[in-house]
Amino acid sequence: MAAAGEQQQAHRAGIYKQKNKQHKHGKHRTKGEIERENKGRVAVKALSRKQRKALKKLDRRHKASQLRRNKKDTVLLERRKLGSKDGPPHLVAVVPLHAGTGTQGVLQLLRSEEMGLVREGVGGQGSFGLVLPRFKQRFIFLRPDMADLHAVLDVAKVVDTLLFVLDPVEGWDSYGDYCLSCLFAQGLPSHALVCQGVAALPMKKRTDARRALGRLVEARFPDGRLFSLDTPQEAVLLLRHLGSQKQRQLAYRSRRPYLLAQRASFAPGPGGLGTLQVSGYVRGRPLGVNRLVHIAGHGDFQLSQIDAPQDPLPLSTREHPPGKEGDMETKEGGAVGEMEQEVKVLMKADPARQESLEAEAALDPMDGEQTWPTESELQEAEERQRKVRKVPKGTSDYQASWILEEGGSEEDDEESSDEDGDEGMEALEEEEEEEEEAGSQDGEGSAGEGSDSETETLELGQGGPEQRYDDRMDEQEESEALRRYREARADQMFPDEVDTPLDTPARTRFQRYRGLKSFRSSPWDPLENLPPDYARIFQFQNFERTRRRVLVEAAEEEEGAMVGWYVTLHVQDVPPSVMDSFRSGRPLVLVSLLPHEQKMSVLHMLVQRHPGNSEPVKSKEELVFQCGFRRFRASPIFSQHTSGDKHKLERFLRADAPTVLSVYAPITFPTAGVLVFRQRQNGMQDLIATGSLLKADPQRVVVKRIVLSGHPFKIVRRTAVVRYMFFNRDDVNWFRPVELRTKWGRRGHIKEALGTHGHMKCVFDKQLPSQDTVLMTLYKRVFPRWTYDPHVPQPLPWVKSEETVGTEDIDMD
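Residues numbered from 1 in each chain as written. Predicted model: local features only at pLDDT ≥ 70, side-chain atom pairs only at ≥ 80, totals over all residues. Heavy atoms only, no water.

**A short note on the pairing of strand β30 (residues 759-764)**
Each regular strand shows side chains that alternate between the opposite faces of the sheet. To keep it simple, the criterion reads: Pairing between strands is defined by DSSP: at least two bridges between them are needed. Elements are defined by DSSP. Helices are runs of H or I of four residues or more, strands are runs of E of two residues or more, and each kind is numbered from the N terminus.
Bridging between strand β27 (residues 719-723) and β30 involves four bridges; their strand directions are antiparallel. Note that in β30 the partner of Val722 across the bridge is Met760. Here six bridges tie strand β29 (residues 747-754) to β30, and the two strands are oriented antiparallel to one another. Each residue of the ladder has a partner; that of His749, found in β30, is Val763. In this structure, the hairpin formed by β29 and β30 is closed by a connection of four residues, where Gly755 is found at a positive phi of approximately 70 degrees.

**A word on the pattern of salt bridges**
Our working definition: What counts as a salt bridge is simple: a side-chain nitrogen of Lys or Arg found within 4 Å of a carboxyl oxygen of Asp or Glu. Buried residues are those whose accessible area, probed at 1.4 Å on protein chains only, stays under 20% of the maximum for their type, while exposed residues exceed 50% and partly exposed ones sit between those limits.
Considering all chains together, one arrives at 35 salt bridges under this definition. The residue Glu528 makes a salt bridge to Arg514 at a minimum N-O spacing of 2.8 Å. Of this pair, Glu528 sits in the loop between α15 (506-509) and α16 (543-556) while Arg514 sits in the loop between α15 and α16; the two residues are 14 residues apart in sequence, bridging distant segments of the chain. A salt bridge links Arg536 to Asp533, with the nearest nitrogen and oxygen atoms 3.5 Å apart. For Arg536, a relative accessible area of 28% corresponds to the partly exposed category.

**Considerations on the sheet that holds strand β3 (residues 128-132)**
The line we're drawing: What counts as an axis is a line fitted to C-alpha atoms, over the stretch in contact for a helix, and the angles between N-to-C directions run from 0 to 180 degrees.
The strand order across the open sheet formed by seven strands is β2-β3-β4-β1-β5-β6-β7, and the pairing between neighbours is mixed. Each of the sheet's edge strands pairs with one partner strand only, and the pair in question is β2 (117-120) and β7 (226-228). The mean angle between the axes of side-by-side strands here comes to 25 degrees, regardless of whether they run parallel or antiparallel. Bridge analysis of strand β6 (residues 190-195) against β7 gives three bridges, and the strand direction is parallel. Counted as the bridge partner of Val194 is Phe227 from β7.

**With respect to the side chain of Ser619**
Defined as follows: Residues are treated as being in contact if the distance between any of their heavy atoms lies within 4.5 Å.
You can see Ser619 is positioned in the loop between β18 (600-609) and β19 (623-627). When residues no more than four places from it in sequence are discounted, the contact partners of Ser619 are Pro636, Ile637, Phe638, Leu649, Glu650 and Arg651.

**Details of the packing of helix α4 (residues 149-158) against helix α5 (residues 174-186)**
Our working rule: Geometric relationships in this document are graded by angle, where less than 35 degrees denotes roughly parallel, more than 145 denotes roughly antiparallel, 65 to 115 denotes roughly perpendicular, and other angles denote oblique. The sense of a crossing depends on the near helix, which, turned anticlockwise from the far helix by less than a right angle, makes the crossing left-handed and, turned clockwise, makes it right-handed. For this classification, Asp, Glu, Lys and Arg are treated as charged, while Ala, Val, Leu, Ile, Met, Phe, Trp, Tyr, Cys and Pro are nonpolar and the rest, including Gly, are polar.
Two numbers describe how α4 lies on α5: the axes approach to 11 Å, and their chain directions differ by 40 degrees. Judged by the angle between their axes, α4 and α5 are oblique. Remark: the crossing between α4 and α5 carries right-handed chirality. On the side of α4, the interface is formed by Leu149, Leu153, Ala156 and Lys157, while α5 contributes Tyr175, Tyr178, Cys179, Cys182, Leu183 and Gln186. Here the residues of the contact of α4 with α5 are counted per class, giving eight nonpolar, one polar and one charged.

**Section: the state of the cysteines**
Heads up, the condition is: Note on terminology: pairs of cysteine sulfur atoms within 2.5 Å are recorded as disulfides.
Tallied over the entire structure, the rule returns zero disulfides. Free of any disulfide, Cys179 has its nearest cysteine sulfur in Cys182, 6.5 Å distant. In this structure Cys179 comes out as buried when scored by relative accessible area, which is 1%.

**Some details on the packing of aromatic side chains**
How two aromatic rings sit relative to each other is given by the distance of their centres and the angle of their planes. The following threshold applies: Stacked, tilted and edge-to-face pairs are distinguished by plane angle, under 30 degrees for stacked and over 60 for edge-to-face with tilted covering the rest, among Phe, Tyr and Trp rings (Trp via its six-membered ring) whose centres lie within 6.5 Å. Counting as a charge over the ring demands two things of the Lys NZ or Arg CZ atom: a distance within 6 Å of the ring centre and an angle within 35 degrees of the ring normal.
Tallied over the full model, the rule gives 20 aromatic pairs. On the basis of an interplanar angle of 35 degrees and a centroid distance of 6.2 Å, the ring pair of Tyr258 and Phe629 is categorised as tilted. Of this pair, Tyr258 sits in strand β8 (residues 258-260) while Phe629 sits in the loop between β19 and β20 (630-635), and the two are 371 residues apart along the sequence. Ring geometry for Phe726 against Phe735: centres 5.3 Å apart, planes inclined by 10 degrees, an arrangement best described as stacked. Each member of the pair, Phe726 as well as Phe735, is classed as buried. Cluster of aromatic residues (ring-pair linked, three or more members): Phe164, Trp172, Phe184 and Phe221. One residue, Arg111, lies across the ring of Phe128, its end atom 4.6 Å from the ring centre. Its end group placed over the ring of Phe538, Lys599 keeps NZ or CZ at 5.1 Å from the ring centre.

Structure, rendered in structure tokens:
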């Protein structure tokens, strides 16, 4: 023990302290060892880990703030450019959503001299231009024909703002709601809501009317603002709002140059075609003369040159800069007509760089994988194979065990060779035709019974609403609807189940079908047995990579007529029907196509059934599509939206799940909105589905499934005798390699055939209940029908369906 006032010293190691040799671990030092060896010493320019991390965080924040600032500046620049002297006029379409409201009062307030300088006929028939010097903005107001739904949709594709006119009491009617559904599915641009007549209501009803209308608008337009338009002061507020509101960007039009025709003239040429001169303001992207242009509803065409005439709606009276409208003078007394003044040619098409109108690929006879052999070639190959080929029974090769061209014995080949000569290429659609014929017979019989009962009812009720209701009914259309309803109901209750024909062998009837061990994991070659139409289409090695490259190049392209220029496009080889359509008052919309967008391929669209339409829609039925700027008719096939390499065919458009529609159509790069219409026999069109474009991929495998059912006749533990699936012994032996399953989850296979009437002994993994049903699942690949037609007839004016009107008056009790 040391003394109380004495300090204790720490132990220090001596000079003879043993130091063990360090372990050699590959001459690699950890960060901790390096820090211990340095003992806190830091190089002059080195930074600590904490300092480096803080600096990187500051850099990231600074970079993010710069990106936000750049995007904000870009948005502000586009907003300020629209309607100014450096950009195109602000294009506004006035759309009434109620039959009791008109646009005359709205346009009369907007076109008054108190607002600004009015120019008549600037945007075509029923339009006018408005220049506001105090706002330094210019507008063009359009009034589309509401009776033509296609015209309304075409105008909505190109306008900057949609001005909806509402009824002060009801807001919009059924047709207005129908138009809104189409516009929302297509892509709604910036919009504003106005209402006239609230001040004319009694004082006690004004507050309730405004409150009810506000709730109605908020449900459909959560971010919308409702304006009252009864005085010139309110019109000024509306114009200020239209010029300063944020513009909604639609991807399918912001990536492409487009133009709405302000003026048009047609010069006939040889062969019935001519040159169409279209004048308008360039929007979206710079417009190149070597690109193809698509006229909505009429097809694809080439440009010969682009001119720069005088701007018909200048913001100021000073001379325009030569880089925009060219050095042009006007005569005394106002502007000169476009055909009388000397215009400057901006650019002419270069034949070496101009894109071709070729839409279909040239057929290569040496490309065996892309063509389907003819009937004569099939017969020659079959005869040649029948002489030299010999396949034993029970072979392990799955394809050879049941496919007609490769499997079976020589006796089966000799029996089926005579039957296959008449089928040839028609075997692909044989099942659909037989199902349609069978369904039509059932539908006609049921329709006849229903028509007899309706005739007795008509005799009892003379006159009255029942008589008027029956007079409006189309019996043929009612019979067709009943047939489609019964087919859809049967497919819903017994999915994919078909009956084996009694007069045709099953191996002949289902010769193009095959069995799969697993629908998910079994392989299927996408280049196997392609139809002849696949020799006419184009495909990409990697569609997504090509899409990104094309969009990036289009965004960086700066050649051509710039956005905001007033130009005249010379379109070659245009039929006179285009000019006739423009003279009738329909809008003329031109869009410049991206590379490859004129070529045919297989498009896949992901759509959802529209809740306002409940009629069954069958696969391969001809429908009307609006995909982006295009409008065409085609016959799609329906399939499930799954992530596998095979997709099951849907016979009818489902209402409870998204569905993929596959059609032959020109290539369009996503994103693009899709609207699907069905045309009635009377010419009206009903919206049945809405969605978006998925991709263009000819190698997407769509597989049709059929299910053959049989009844267990005798059951002995795991063995059962099954009948009614086949009706001859050869069919049982032909489909013997295919696996069986039951509705109660049993799995098995065919052991042997019994007798000559199609009875077969089957073995299952467990004992079969007596009330179970034996099933055999077969598959084949299906393709769309080539019925593409770019010319869609103008639909009749939409009215509320007569069936719905009559049903409301009937007491369902």
